[in-house]
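Read off the chains here:
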Amino acid sequence: MRTTASAIRVACAQTDPVLGDIEASTAATVEAIRAAADEGADVVVLPECASSGWAFHDQAEARAAAQRVDGPTIRAWHAEARSRDLWVCGGFAELGDDGFVYNSAALVSPDGVASVYRKVHLWNTEHDAFTPGDRGFPVVETPFGRVGMLICYDAWIPESFRSLGLQGADLVLAPSDWVPNPRQPAGLPPSAHIVTMAGAQANQCYVASASRVGTERGTTFIGASIIVDPFGWPLARPGTDGVDVIWADIDPLGTRAARLADPFNRPLGDRRADAYAPGMEDARR
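Residues numbered from 1 in each chain as written. Predicted model: local features only at pLDDT ≥ 70, side-chain atom pairs only at ≥ 80, totals over all residues. Heavy atoms only, no water.

Caption draft 1: The overall build of the protein chain, seen in detail. The number of helices and strands found in the protein chain is seven helices and 13 strands. Scaling as 2.2 N^0.38, a compact globule of 285 residues should have a C-alpha radius of gyration of about 19 Å, and the protein chain matches this with 18 Å. In the protein chain, which comprises 285 residues, the proportion classed as buried is 54%. Once local pairs closer than 6 in sequence are excluded, the contacts in the protein chain between residues at least 24 apart make up 69%. A total of about 12,100 Å² of accessible surface is found on the protein chain, and carbon and sulfur atoms cover 55% of it. The averaged location of the 36 negative side-chain charges in the protein chain is 4 Å from the averaged location of its 24 positive side-chain charges. (Helix = DSSP H or I, 4+ residues; strand = E, 2+ residues; numbered from the N terminus. Rg over C-alpha atoms; globule rule 2.2 N^0.38 Å. Buried < 20%, exposed > 50% of the residue type's maximum accessible area, 1.4 Å probe, protein only. Contact = heavy atoms within 4.5 Å. Areas by Shrake-Rupley, 256 points an atom, 1.4 Å probe, with all protein chains shown as cover. Lys, Arg positive; Asp, Glu negative; His and termini not counted. Charge placed at Lys NZ, Arg CZ, Asp CG, Glu CD.)

Caption draft 2: Region of interest: unusual backbone geometry. Positioned with a positive phi, Cys-152 is a non-glycine residue whose angle comes to about 45 degrees. Here Cys-152 is to be found in the loop between strand 7 (145–149) and helix 5 (158–165). A relative accessible area of 11% places Cys-152 in the buried class. Unusually for a residue other than glycine, Gln-204 sits at a positive phi of about 55 degrees.

Caption draft 3: Focus on the environment of Pro-143. Looking at where Pro-143 falls in the secondary structure, it is placed in the loop between strand 6 (139–142) and strand 7. Along the sequence, Pro-143 and Ala-208 sit 65 residues apart, while their C-alpha atoms lie 17 Å from each other. Ignoring anything within four residues of it in the chain, the contact list for Pro-143 reads Trp-87 and Leu-253.

Caption draft 4: How the structure looks around the pairing of strand 3 (residues 87–95). Within strand 3, nine of the nine residues are buried, leaving the element largely enclosed by the surrounding structure. Alternating residues of strand 3 divide into Trp-87, Cys-89, Gly-91, Ala-93 and Leu-95 and Val-88, Gly-90, Phe-92 and Glu-94, and every residue in both groups is buried. Sheet topology note: the strand 3/strand 4 (residues 101–109) ladder contains eight bridges and is antiparallel. Bridging across to strand 4, Glu-94 finds its partner in Tyr-102. (Pairing = 2+ DSSP bridges.)

Caption draft 5: Focus on the pairing of strand 8 (residues 171–176). Taken across its six residues, strand 8 has six buried, putting it largely inside the fold. Relative to strand 8, strand 7 is paired through three bridges, and the arrangement is parallel. Directly across from Val-147, in strand 8, lies its bridge partner Leu-171. On the question of chirality, the crossover connecting strand 7 to the parallel strand 8 by way of helix 5 is right-handed. (Right-handed = clockwise from strand over helix to strand, strands pointing away.)

Caption draft 6: The arrangement of the sheet that holds strand 8 in detail. Strand order in this open sheet of five strands is 6-7-8-9-12, and the pairing throughout is mixed. At either end of the open sheet lies a strand with only one pairing partner, and these are strand 6 and strand 12 (226–228). Direction aside, the axes of adjacent strands within the sheet are offset by 20 degrees on average. Pairing geometry for strand 8 and strand 9 (residues 206–211), over six bridges, is parallel. Residue pairing in the sheet places Pro-175 in a bridge with Ala-210 of strand 9. The strands touched by helix 6 (residues 191–203) within the sheet are strand 9 and strand 12, with strand 12 carrying the most contacts at an inclination of about 25 degrees. (Axes fitted to C-alpha atoms, helices over the stretch in contact; angles between N-to-C directions.)

Caption draft 7: Molecular detail of the sheet that holds strand 4. Read across the sheet, six strands follow the order 5-4-3-2-1-13 without closing on themselves; strand pairing throughout is mixed. The open sheet terminates on both sides in strands that have one partner only, identified here as strand 5 (112–118) and strand 13 (244–250). Each neighbouring strand pair of the sheet contributes to a mean axis angle of 25 degrees, computed without reference to strand direction. Pairing of strand 1 (residues 8–14) with strand 2 (residues 43–45) involves three bridges; the strand directions are parallel. The residue of strand 2 that forms the bridge with Ala-11 is Val-44.

Caption draft 8: Seen up close, empty space enclosed by the protein. Inspection of every chain in the model, using the stated rule, returns one cavity of 30 Å³ or more. Around the largest cavity sit Gln-201, Gln-204, Pro-230, Phe-231, Arg-259, Asp-262, Asn-265 and Pro-267, which together line it. Here the residues of the lining of the largest cavity are counted per class, giving three nonpolar, three polar and two charged. (1 Å grid on protein atoms, 1.4 Å probe; cavity = no way out; pocket = protein on both sides within 12 Å on 5 of 7 lines; lining within 4 Å. Points joined across faces, edges and corners; volume = space filled by probe spheres on them. Nonpolar A, V, L, I, M, F, W, Y, C, P; charged D, E, K, R; others polar.)

Caption draft 9: How the structure looks around the side chain of Gln-14. As for its position among the elements, Gln-14 is in strand 1. Gln-14 gets classed as buried once you look at its relative accessible area, which sits at 1%. A distance of 3.1 Å separates the side chain of Gln-14 from the backbone nitrogen of Ala-224, its partner in a polar contact. A polar side-chain atom of Gln-14 sits 2.7 Å from the main-chain carbonyl oxygen of Gly-242. (Polar contact = N/O pair within 3.5 Å; in protein donor to acceptor, adjacent residues only side chain to side chain.)

Here's what the structure looks like:
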């Protein structure tokens with residue numbers, strides 16, 4: 001239950017996109033957004049490549065399922081954001097003005113596109129289908145705090161979370177397509193949960209990671225979406241391995257002062273930039 005004026009309900013909506021089919025995949029995201037809105041969501045996070053599927057053989061195939069920022073998927077998300085007075089973050093195959101195809105995520109407000117992030121760290125065969133992101137890790141001001149985005153494998157690279165943390169991100173939204181880890185010991189949480197919880201705790205921010213489900217070209221996706229507080233603890237049950245919506249009530253803006261001044265752990269405030277490699281200076285404002 002939201003208890004303050006600045007609290008919001010963030011939801012992670014798991015979908016099962018259809019590879020190469022923008023229309024069917026977008027329709028699934030719209031259904032998911034509406035289901036989350038019916039649960040009172042103020043922010044809805046969708047998976048990575050929710051607009052088209054993910055397992056493209058090469059850039060030519062990815063290009064056929066790519067779209068510009070003003071394409072049909074983002075227009076559909078904006079229509080839902082406007083009609084339900086909420087924000088949508090989701091992954092899409094972006095055709096850039098430079099002609100390259102990027103694995104991107106858009107943050108869409110009731111007023112339109114607020115930010116676009118291009119995945120910096122490509123995983124496995126993504127190198128065959130996408131161009132690495134070229135815009136760094138943007139953070140934007142919203143009514144509920146400073147918001148940044150990551151995509152899936154970015155979470156395994158500590159500098160991704162830290163880049164957002166040093167810009168003062170209160171909330172990180174992470175569209176993802178998590179897969180089983182073949183080295184995963186039985187009885188332990190997915191490694192995706194571990195890196196997400198660590199990133200949240202180390203950078204004192206909320207994190208909402210939405211992961212897709214289904215199977216695509218022999219790759220099975222685990223779902224297991226998670227929402228984590230700034231101390232690294234899950235706030236909701238993990239998503240199942242099917243189409244699902246999870247949510248949590250959070251207060252990124254209202255908790256900012258208290259969490260940054262936490263007397264137990266202050267991993268941002270206690271940094272020693274003078275002791276690190278060049279280029280790791282504190283860029284917070």
